[in-house]
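# An overview of the molecular structure
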Amino acid sequence: GAVVSQHPSWVICKSGTSVKIECRSLDFQATTMFWYRQFPKQSLMLMATSNEGSKATYEQGVEKDKFLINHASLTLSTLTVTSAHPEDSSFYICSARPSEGEQFFGPGTRLTVL
Amino acid sequence: GNSVTQMEGPVTLSEEAFLTINCTYTATGYPSLFWYVQYPGEGLQLLLKATKADDKGSNKGFEATYRKETTSFHLEKGSVQVSDSAVYFCALGTSYGKLTFGQGTILTVHP
């Protein structure tokens, strides 16, 4: 089946630093990638939709200057949390989708900001 | 806007018990409906889906029927196993690929 990886699986950083999370589709080309955020015991909230070679589309209430998304190739998207603060601590999940059909999810990245 | 409301958990069952996890939705248009499962330490996996009213999705003994009249997509399994212990998410999808998730239900099955 289709595999999506995320790196790192967990990261701890100091307040004010930036953190980059990678999302890769390992065995298919992803026209679209999605980034979600999940708080403990809560649902996944879509942050943004990323199409290869174009700017990401952010959901209402998501700061695009804080959560920088790059989708430079059909197998890689990155999410950079800039100037991270403790309230940014969360579980970040990506998914990747071929031209149509099912989304395939990565295992997630746990971010803790001290 | 679109929203999904899921039965709150956690749900604890004995092996071979009957499972129902309720899911209702609010949507504009004609969305597709999904159940995803997340096993410990793994990413979400699609369990089953239905793309139009009265469709029944099924997989691994799980079933759910797209009921437009009651805006529901309840997940059922006749006899659960310990290996079914996981978090289950109901989701609604648009043609553009956007998914709206319910809050998730933790299922624990004891031997």
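Presented here is an overview of the structure given in this document. (Residues numbered from 1 in each chain as written. Chains lettered and ligands numbered in written order. Predicted model: local features only at pLDDT ≥ 70, side-chain atom pairs only at ≥ 80, totals over all residues. Heavy atoms only, no water.)

### Examining the overall build of chain B
A count of helices and strands for chain B gives 0 helices and 12 strands. Helices and strands appear in chain B in the N-to-C order β-β-β-β-β-β-β-β-β-β-β-β. Against the compact-globule benchmark of 13 Å for 111 residues, chain B has a radius of gyration of 13 Å, which places it among compact chains. Per-residue burial for chain B yields a buried fraction of 44% across its 111 residues. By sequence separation, contacts in chain B at least 24 residues apart represent 54% of the contacts at least 6 residues apart. Counting every atom, chain B has about 5,400 Å² of accessible surface; 49% of that belongs to carbon and sulfur. (Helix = DSSP H or I, 4+ residues; strand = E, 2+ residues; numbered from the N terminus. Rg over C-alpha atoms; globule rule 2.2 N^0.38 Å. Buried < 20%, exposed > 50% of the residue type's maximum accessible area, 1.4 Å probe, protein only. Contact = heavy atoms within 4.5 Å. Areas by Shrake-Rupley, 256 points an atom, 1.4 Å probe, with all protein chains shown as cover.)

### Looking at the nonpolar core
In terms of nonpolar packing, the biggest core is built from 26 residues, with L19, W35, L47, L48, F73, L75 and Y88 of chain B touching the most fellow members. Elements that contribute at least two residues to this core include exactly β2 (11-14), β3 (19-21), β4 (23-26), β5 (32-38), β6 (45-50), β8 (62-65), β10 (86-93) and β12 (105-110) of chain B. For this core, the leading source of residues is β10 of chain B, giving 4 residues. Residue contacts for F73 of chain B: discarding those within four places in its chain leaves C23, L33, F34, W35, L48, K49, A50, A64, T65, Y66 and C90 of chain B. Of all hydrophobic cores here, the second largest spans 23 residues; its members include F28, A48, V81 and A84 of chain A. (Core = buried A, V, L, I, M, F, W, Y, C linked by side-chain atoms within 4.5 Å.)

### What to know about the pairing of β2 of chain B
Residues and elements named next belong to chain B. Of the two faces of β2, only one is covered, namely that formed by V11 and L13; the face formed by T12 and S14 stays uncovered. Bridge count for β2 against β12 is 4 bridges, and the pairing is parallel. Its bridge partner being in β12, S14 is matched across the sheet by H110. (Pairing = 2+ DSSP bridges.)

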